[in-house]
Amino acid sequence: TSQIAEFLSQFVGPETKRKQAKHPAHLVGGIDYHSFGQVFLRPYAWASTEANPPPNDEVVSVIGQAMADAAGATPEGVPYTSGGWHDDLYPSSGVCGDYLYNITSSNPDEIKDGVAFTAELRDLGFYGFVLPDSEIVPTGVEQMAALKEFVRGVLVHRRGEDWSSLAAAQQQ
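Notes on the structure in this doc start here. (Residues numbered from 1 in each chain as written. Predicted model: local features only at pLDDT ≥ 70, side-chain atom pairs only at ≥ 80, totals over all residues. Heavy atoms only, no water.)

Topic: the overall build of the protein chain
We apply this condition: The secondary structure listing takes helices from DSSP runs of H or I that are at least 4 residues long and strands from runs of E that are at least 2 residues long, numbered from the N terminus. Burial classes follow relative accessibility: with a 1.4 Å probe on protein chains only, a residue under 20% of its type's maximum area counts as buried, one over 50% as exposed, and anything between as partly exposed. All accessibility values rest on the Shrake-Rupley procedure with a 1.4 Å probe; residue burial counts only the protein chains present in the view.
When helices and strands are counted, the protein chain shows 7 helices and 4 strands. Starting at the N terminus and walking to the C terminus, you meet the elements of the protein chain as α-α-β-β-α-β-α-α-β-α-α. Out of the 172 residues belonging to the protein chain, those deemed buried represent 40%. For the protein chain, the computed accessible surface area is about 10000 Å², with 58% contributed by carbon and sulfur atoms.

This is the structure:
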């Protein structure tokens, strides 16, 4: 049973143990990039966010919408959406976004408050996993705009600032 407990704990593989030893600083957020779908998905993948929302789902939902709005507002931006993985995509297990959510909590022994997303990049399936060269730079521009909103949202969240500051920043 001790082997099972070790397997279920975080950072048990040799690669992740080496990574943790090199970078012991606490993560404050994370994004897992995928293609394709034009959506920013928040945890959980294994359970309905609508029926069983994470404790900070309201906050993370605001950040996700800010990311989607920023990506779509770029000069060649395409529409992005934001939602919960389980409810807006399909039920899954072993999803990096759920893992990132759990390890980015400010205090892993208390209420989970991690900020994590899976970013499904362009497109909606026409090109699939092989975007034409002409789509690469616009995708990067969209994701940089979304990343800026992610960082802004994580900082507001970590500082315990009033969320109206994030909403006001979105409207500028």
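Now, onward.
Digging into the packing of aromatic side chains
Note on aromatic pairs: each is described by the distance of the centres and the angle between the planes. To keep things clear, this is the line we draw: Classification of ring pairs uses Phe, Tyr and Trp, with its six-membered ring standing for Trp, and accepts pairs whose centres are within 6.5 Å; under 30 degrees between planes counts as stacked, over 60 as edge-to-face, and the remaining range as tilted.
Enumeration over the complete set of coordinates arrives at 7 aromatic pairs. Pairing Y44 with Y101 gives two aromatic rings, centres 5.8 Å apart and planes at 85°, and the pair type is edge-to-face. With Y44 in the loop between β2 (39-42) and α3 (57-72) and Y101 in helix α5 (residues 96-103), this pair connects stretches of sequence that are 57 residues apart. For the pair shown, Y44 and Y101 are each scored as buried. Every member of this aromatic cluster is reached through a ring pair, and the members are Y44, W46 and Y101.

Some thoughts on the nonpolar core
To keep it simple, the criterion reads: Residues grouped as a nonpolar core are buried Ala, Val, Leu, Ile, Met, Phe, Trp, Tyr and Cys residues, joined through side-chain atoms within 4.5 Å. Contact between two residues is taken to exist if any of their heavy atoms lie within 4.5 Å; hydrogens are not considered.
Ranked by internal contacts, the top residues of the largest apolar core, which has 16 residues, are F40, I63, M67, Y80, V115, F117 and F150. Top contributing element to this core by residue count: α3, with 6 residues. Beyond its immediate stretch of four places on either side in the chain, M67 contacts I31, F40, F117, A146, E149 and F150. Y44, L100, Y101 and A116 belong to the second largest nonpolar core, which has 6 residues in total.

Some words on a nonpolar patch on the surface
Cut-off, in case you're wondering: Patch building starts from residues that exceed 30% relative accessible area and form no salt bridge, then joins like charges within 9 Å and nonpolar side chains (Val, Leu, Ile, Met, Phe, Trp, Tyr) within 5 Å. The term salt bridge refers to a pairing of a side-chain nitrogen on Lys or Arg with a carboxyl oxygen on Asp or Glu at a separation within 4 Å.
A cluster of nonpolar side chains, contributed by Y33, M144, L147, V151 and L155, occupies part of the molecular surface with about 410 Å² of accessible area. Element by element, the count of residues in the nonpolar patch is highest for helix α6 (residues 133-159), at 4 residues. Note on placement: L155 falls in helix α6. Looking at L155, the relative accessible area reads 37%, which means it is partly exposed.

Considering the sheet that holds strand β4 (residues 116-121)
Cut-off, in case you're wondering: Criterion used throughout: strands pair if DSSP finds at least two bridges between them. Each axis is a line fitted through C-alpha atoms, taken for helices only over the stretch in contact, and angles between the N-to-C directions span 0 to 180 degrees.
Judged by pairing direction, the sheet is mixed, and its 4 strands sit side by side in the order β1-β4-β2-β3 without closing on themselves. What marks the edges here is a single partner per strand, and that holds for β1 (30-35) and β3 (81-84). On average, adjacent strands in this sheet sit at an angle of 25° to one another, irrespective of strand direction. Summarising the sheet, β1 and β4 pair through 6 bridges and their orientation is parallel. Of the residues in β4, the one forming a bridge with G30 is A116. Across the sheet, α6 touches β1, β2 and β4, and the angle it forms with β1 is around 160°.

Quick notes on the pattern of salt bridges
Enumeration according to the criterion identifies 4 salt bridges in this entry. Here R42 makes a salt bridge to D57, at a shortest N to O gap of 2.6 Å. Here the residue R42 occupies a position in strand β2, and D57 occupies one in helix α3, the gap between them amounting to 15 residues. The same class applies to R42 as to D57, namely buried.

Here we look at the side chain of S92
For clarity, the cut-off: Two N or O atoms count as a polar contact when they lie within 3.5 Å, although within protein this holds only if one can serve as hydrogen donor and the other as acceptor, and sequence-adjacent residues are included solely when both atoms are side-chain atoms.
Following the sequence through the fold, S92 ends up in the loop between α4 (85-88) and α5. Among the residues examined, S92 registers a relative accessible area of 17% and is labelled buried. There is a polar contact of 2.9 Å between the side chain of S92 and the side chain of W85. Among the polar contacts made by the side chain of S92, one reaches the main-chain carbonyl oxygen of Y90 at a distance of 3.4 Å. S92 has contacts with A45, W46 and W85, leaving out every residue within four places of it along the chain.

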